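Each chain is listed here by its residues.
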Amino acid sequence: VRLRGRLALITVAIALVLAGVVVLGYRELSRRTSDELIAALVRSDASGVNCVGAQPRARHLSVVLPAGGPRSSGERRVELDIELHADATSLREQAPQLLALLEGGASLAARPLDAARRELVIALPEPGSCTLARVRAPSLRPSLPPPLVIGPLVVALLAVLIGLGPLVRRARSLSLAVRRWQQQPEGAPLPEPDQGRDELGELSRAYHAAAQTVRDQHDELRVREQALREFVENVSHDLATPLTVLRGHLALAALGGGEQAEALRLAMVEAHHVGDLLGSLALSAKLEGGTPSDARFDLSAALRRVCERHHVIARELGLSLEHFEGDDPLVVRGDVTFAEQALDNLVGNALRHHDRRAGHVAVLLEREPAHFVVSIIDDGPGLDDEELVRVRRRGERGDRARGRSRGGMGLGLSIVERVAALHGWTFTLQRGERGVGLVARLRGPLESSEPDQPATM
Amino acid sequence: MVAAMRCVLVIEDDLALGQQVVAGLERAGLAAHWWRTGRIPSEDDLAQVVLVILDLMLPGVAGLDILAAIRSASDVPVLVLSARQDSVDKVRALELGADDYVTKPFWPDELIERVRARLRRPTLQRSDRVCVGALTIDEHARRAEHGGRALELTRVEFELLLALACRAGRPVARSWLLEHVLDPEREAGSRTLDVHVSRLRKKLAEASGGAAESSPIETVWGIGYRLRAEAP
């Protein structure tokens, strides 16, 4: 729009200059014409002088001049006004006489009066007397013919269109190409630069080169990030089996009881925590760049798995973990691993951050007509209002939960947030009834019919 | 019960993990065959086992291929061990007919519990007669006995007891009971449910001659109520 505005301004300026030239030329032409006329009158080769007008001192004179100038042919009729300047009393009689004199080829002398008028001295028949006539030059005719005004405008416009049009078109097609490219999926080839040899082409090629550099760096970073993500996933994968074995040994050793029972219990809690962290880490890497699967799955089976997974550790922590999912499968759409990890984190948090023995954690899956609600309720220390807000940001956790033995990297809740956002679920965290403990809730839409996968126990 | 005869096929390449799984199964009263490489089990192999525990990451034939082969030959339940946080593999395994999966790292008890759950299906008792400990409920005749003595129950009390007994050992949510047991038009409300439960506890205690505190109906914090699976 700005470029177009400037072009309009240029057009107007050019038109004004052209119009000025035309007006000045016209004036000059008129001046020449009147001079020529007077010269003709003086030379007495004007013919067909015709005078009309009822005003006592002004007459409209129509004069036919012989072909003027070398290039024109035939006769020209020139219109001009004359003002008679004899003394008032004699003028009435003098006027027809004057005309007769002019028609008869009286002797005349002419001199310029000012830029617009000429003064004619006309010799009268009486010896030694003469009279004066002032002639208004035709250049002072008020209006210029319309084509002379519009013409320059049209010419200026055409000149601008012809001169700048292609430039505007190229700029426009470049911006269109860039915009189209923006809408394409990531990795689409960059739009071709303008091939012109002028400044616009140069600019376009410079930007293209810069974009290519940014693209290359971006690609390189992506490759590195992908490698890092794969590394994290592979490490968590490789750690999973030895960690399972470690848990097996710990569980077996704990069966023996004895002096080491407390140490073994703590070791089991830590081993469980490491497993949760590993899951969060792998999922976090996946959330950064992976594409979640979008299948129907049974949320009640997933929730049951999560709770069973935490039963052992709840027992070791001396907490009661109870869950209710109803009897029938509850089908939702999304990524079962992501959903399970989010639930894992919520249940794991509720257990890990509980501060007293014989406390409770309850996990409840309830059905509304078109929604499910998962509630994870505990009677632990809970969080105050400020912590409730802060704890949901990545990398942070509540003050009461601080300390290595109980916290994580703070990945837990941020993963829940992101999984919820990914699935279109709402995640709320609030204090429990009468301000005791914490209630974490996930609410989301149900799928209507059977799952893609069989319902699992 | 023929628990001693029941044999589980474990296909797991990791030596330590395989040993633990086999030991865990044996402690739980199940025999185990352990294959350390991936190969396709024959129909004879499958006929001898009640369940297959299959690791998806195996040398030799890939876990998913083994799963597909098992499914084409047999209906034996397959429990998949997956170390991956990869939904695609899990979803694929379930599509191919796996009955359940356990994600590594897991606790031995978790795996055994999952195996047991799979072997004792269906868990929901749905016959006319439900027996839990000293409690016998005849749904068809709408009669309930505790320790051999008939219980005089109102309609709601009977439905409540039946609902808890069908899910014995597992907690049942208050919201579920309110919706499915109480007449929502006449007596919706959490207090009403508590009153019914309290009356039911008293009647059970009277029938067994015990105190109401030792009632088989437990309050489960945050959820609702549970009927203990075994008599106290």
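Rules and cut-offs
- Residues numbered from 1 in each chain as written.
- Chains lettered and ligands numbered in written order.
- Predicted model: local features only at pLDDT ≥ 70, side-chain atom pairs only at ≥ 80, totals over all residues.
- Heavy atoms only, no water.
- Phe/Tyr/Trp six-rings, centres within 6.5 Å; stacked < 30°, edge-to-face > 60°.
- Helix = DSSP H or I, 4+ residues; strand = E, 2+ residues; numbered from the N terminus.
- Buried < 20%, exposed > 50% of the residue type's maximum accessible area, 1.4 Å probe, protein only.
- Lys NZ or Arg CZ within 6 Å of the ring centre and 35° of its normal.
- Salt bridge = Lys/Arg side-chain N within 4 Å of Asp/Glu carboxyl O.
- pLDDT = per-residue confidence, 0-100.
- Contact = heavy atoms within 4.5 Å.
- Buried area = accessible area lost by both parts, 1.4 Å probe.
- Polar contact = N/O pair within 3.5 Å; in protein donor to acceptor, adjacent residues only side chain to side chain.
- Nonpolar A, V, L, I, M, F, W, Y, C, P; charged D, E, K, R; others polar.
- Core = buried A, V, L, I, M, F, W, Y, C linked by side-chain atoms within 4.5 Å.
- Expected span 1.5 Å × (residues − 1).
- Pairing = 2+ DSSP bridges.
- Axes fitted to C-alpha atoms, helices over the stretch in contact; angles between N-to-C directions.

**With respect to the packing of aromatic side chains**
In this description, a pair of aromatic rings is defined by centroid distance and the angle of the planes. One pass over the full model with this rule turns up 1 aromatic pair over all chains. Between Phe 372 of chain A and Trp 425 of chain A, the ring centres sit 5.2 Å apart and the planes meet at 85°, which makes this aromatic pair edge-to-face. Taken together, the positions of Phe 372 of chain A in strand β11 (residues 371-378) and Trp 425 of chain A in the loop between α9 (411-423) and β12 (426-431) put the pair 53 residues apart, joining distant regions of the chain. Assigned by exposure class, Phe 372 of chain A and Trp 425 of chain A land together as buried. Above the face of the Tyr 101 of chain B ring, Arg 305 of chain A is positioned so that its terminal group lies 4.1 Å from the ring centre. Of note, Arg 39 of chain B hangs over the ring of Trp 35 of chain B, and the distance from its end group to the ring centre comes to 3.8 Å.

**Describing the pattern of salt bridges**
Throughout the structure, instances matching the rule amount to 37 salt bridges over all chains. In this structure, Asp 194 of chain A engages Arg 170 of chain A in a salt bridge whose closest nitrogen and oxygen atoms are separated by 2.9 Å. Of this pair, Asp 194 of chain A sits in the loop between α3 (146-183) and α4 (199-255) while Arg 170 of chain A sits in helix α3, and the two are 24 residues apart along the sequence. What makes Asp 194 of chain A buried here is its relative accessible area of 9%. Classification of Arg 170 of chain A as partly exposed rests on a relative accessible area of 22%. Where Arg 118 of chain B meets Asp 99 of chain B, a salt bridge forms, and the shortest distance between an N and an O atom there is 4.0 Å. You can see Arg 118 of chain B sitting in helix α5 (residues 108-119) and its partner Asp 99 of chain B sitting in the loop between α4 (87-95) and β5 (100-103), a full 19 residues away along the chain. The exposure classification of Arg 118 of chain B matches that of Asp 99 of chain B, with both residues buried. Taken together, the salt bridges that share partners define one network made up of Arg 305, Glu 308, Arg 309, Glu 340 and Asp 344 of chain A together with Asp 100, Glu 110 and Arg 114 of chain B.

**Some remarks on the confidence of the model for chain A**
All names here are of chain A. Of all residues in chain A, 67% attain a pLDDT of 70 or more, and the chain-wide mean is 77. The least confident element of chain A, judged by mean pLDDT, is helix α2 (residues 88-104) at 55; the most confident is β11 at 95. This model gives residues 138-143 a pLDDT under 50, and the stretch forms 11 contacts once residues within four places in sequence are excluded. Note that pLDDT drops below 50 for residues 399-409; the model gives that stretch 31 contacts with residues more than four away or on any other chain.

**Here's the deal with the interface of chain B and chain A**
Every contact between the two is made by 42 residues of chain B and, on the other side, 51 residues of chain A. Between chain B and chain A, a total of about 4100 Å² is buried, with carbon and sulfur atoms accounting for 61% of that surface. Inspection of the region where chain B meets chain A yields 6 salt bridges. For Arg 167 of chain B, the salt bridge identified is with Asp 327 of chain A, shortest N-O distance 2.3 Å. The interface formed by chain B and chain A includes 13 residue pairs in polar contact (both at pLDDT 80 or more). At the level of secondary structure, the elements contributing two or more residues to the side of chain B that touches chain A comprise α1 (15-27), α4, β5, α5, β10 (172-173) and α7 (174-180) of chain B. Ranked by residues supplied to the side of chain B that touches chain A, first place goes to α5 of chain B with 5 residues. Among the residues forming the side of chain B that touches chain A, the class breakdown is 20 nonpolar, 7 polar and 15 charged.

**Quick look at the environment of Asp 109 of chain B**
Locating Asp 109 of chain B in the fold gives a position in helix α5. You can call Asp 109 of chain B partly exposed: its relative accessible area is 38%. Dropping the residues within four chain positions of it, Asp 109 of chain B is found in contact with Val 312 and Arg 315 of chain A.

**Considerations on the confidence of the model for chain B**
On average, residues of chain B score 85 in pLDDT, and 88% of them are at 70 or above. Scored as a complex, the prediction yields pTM 0.66 and ipTM 0.84.

**Considerations on the nonpolar core**
A general feature of soluble globular proteins is that nonpolar side chains tend to end up buried together. Counting 73 residues, the largest nonpolar core has Leu 299, Val 374, Ile 376, Phe 427 and Leu 442 of chain A together with Val 52 of chain B as its most contacted members. Sort the elements by how many residues they give to this core and helix α7 (residues 336-352) of chain A lands first, with 9 residues. Discounting residues that sit within four places of it in the chain, Leu 442 of chain A has contacts with Leu 343, Leu 346, Phe 372, Val 373, Val 374, Val 416, Ala 420, Trp 425, Thr 426 and Phe 427 of chain A. Of all hydrophobic cores here, the second largest spans 34 residues; its members include Leu 135, Ala 165, Ala 207 and Leu 227 of chain B.

**Notes on α5 of chain B**
Between the first and last C-alpha of α5 of chain B there are 17 Å, a value that for 12 residues agrees with the 16 Å anticipated at 1.5 Å per step. Counted residue by residue, α5 of chain B has 9 buried out of 12 residues, so it is predominantly covered.

**With respect to the sheet that holds strand β6 (residues 129-132) of chain B**
All names here are of chain B. Across the sheet, 4 strands lie side by side as β6-β7-β8-β9; this open sheet has antiparallel pairing. Both edges of this open sheet fall to β6 and β9 (149-150), since each of them pairs with a single strand only. When β6 meets strand β7 (residues 135-138), the two strands line up antiparallel, connected through 4 bridges. If you follow Cys 131 over to β7, its bridge partner there is Thr 136. Strand contacts of helix α6 (residues 155-166): β6, β7 and β8 (143-146), with the helix running at about 115° to β7, the strand carrying the most contacts. The strands touched by helix α9 (residues 190-208) within the sheet are β7, β8 and β9, with β8 carrying the most contacts at an inclination of about 55°.

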